[in-house]
Amino acid sequence: IGVTGVQTCALPISNYLGFEEGSMHDILISPNPANEKIEFNAPLDNLIIYNTYGQIVYRGNEPYNIVDVSGFVEGSYFVKGYVNQIPVIKHFTKL
């Protein structure tokens with residue numbers, strides 16, 4: 001009797017969004033998970049928020065500390081911004 005194995009392959013989200021999560025800065029998002037707004041412990045320039053499909057759901061050029069996410073659908077999101085021209089990538093969940 002033979003057993004057929006199933007192989008799985010995990011692809012990092014960077015394959016789909018073109019960047020990797022993490023940064024050289026300790027930027028925090030709170031609350032996480034969030035219902036109405038997210039707040040950063042430092043302002044982020046050129047802020048872009050992506051859904052898990054890689055679609056841009058929010059974009060802003062000014063330095064941001066707080067973003068209203070009340071209109072976002074529930075799910076996972078990736079935040080990309082810059083601190084002193086260094087890219088910062090973070091993840092948050094919308095409830």
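Residues numbered from 1 in each chain as written. Predicted model: local features only at pLDDT ≥ 70, side-chain atom pairs only at ≥ 80, totals over all residues. Heavy atoms only, no water.

Caption draft 1: Representation of unusual backbone geometry in the model. The amide bond that connects Ser 30 to the next residue, Pro 31, takes the cis arrangement and shows omega of -10°. Relative to the helices and strands, Pro 31 is located in the loop between strand S2 (29–30) and strand S3 (37–51). Cis rather than trans, the peptide bond between Asn 32 and Pro 33 has omega equal to 15°. By the element assignment, Pro 33 lies in the loop between S2 and S3. Despite not being glycine, Asn 46 has its phi angle at roughly 50°, a positive value. Note on placement: Asn 46 falls in strand S3. On the basis of relative accessible area, Asn 46 is assigned to the partly exposed category, the value being 37%. Even without being a glycine, Gln 85 presents a positive backbone phi close to 65°. In this fold, Gln 85 is placed in the loop between strand S6 (75–83) and strand S7 (86–94). (Helix = DSSP H or I, 4+ residues; strand = E, 2+ residues; numbered from the N terminus. Buried < 20%, exposed > 50% of the residue type's maximum accessible area, 1.4 Å probe, protein only.)

Caption draft 2: Inspection of the nonpolar core at higher detail. Counting residues in hydrophobic clusters, the biggest one holds 18 residues, and the most contacted among them are Ile 38, Phe 40, Leu 44, Ile 49, Val 67, Val 79 and Phe 92. It is S3 that provides the largest number of residues to this core, a total of six residues. Residue contacts for Ile 38: discarding those within four places in its chain leaves Ile 29, Ser 30, Pro 31, Ile 49, Asn 65, Ile 66, Val 67, Val 69, Val 79 and Phe 92. (Core = buried A, V, L, I, M, F, W, Y, C linked by side-chain atoms within 4.5 Å. Contact = heavy atoms within 4.5 Å.)

Caption draft 3: Local environment of the environment of Glu 62. Considering the arrangement of structural elements, one finds Glu 62 in the loop between strand S4 (56–60) and strand S5 (64–68). On the basis of relative accessible area, Glu 62 is assigned to the exposed category, the value being 53%. Distance from Glu 62 to Leu 44, taken between C-alpha atoms, is 7.9 Å for residues 18 residues apart in sequence. Glu 62 has contacts with Leu 44, Asp 45 and Asn 46, leaving out every residue within four places of it along the chain.

Caption draft 4: Summary view of the side chain of Lys 94. In this fold, Lys 94 is placed in strand S7. This buried residue, Lys 94, is left without a salt bridge; Glu 74 holds the nearest opposite charge, at 6.2 Å. For Lys 94, the side chain forms a polar contact with the main-chain oxygen of Asn 35, separated by 3.1 Å. If near-sequence neighbours (up to four positions away) are discounted, Lys 94 is found in contact with Ala 34, Asn 35, Val 69, Ser 70, Phe 72, Val 73, Glu 74, Gly 75 and Tyr 77. (Lys, Arg positive; Asp, Glu negative; His and termini not counted. Salt bridge = Lys/Arg side-chain N within 4 Å of Asp/Glu carboxyl O. Polar contact = N/O pair within 3.5 Å; in protein donor to acceptor, adjacent residues only side chain to side chain.)

Everything listed here is a matter of coordinates, which is why it stays silent on function.
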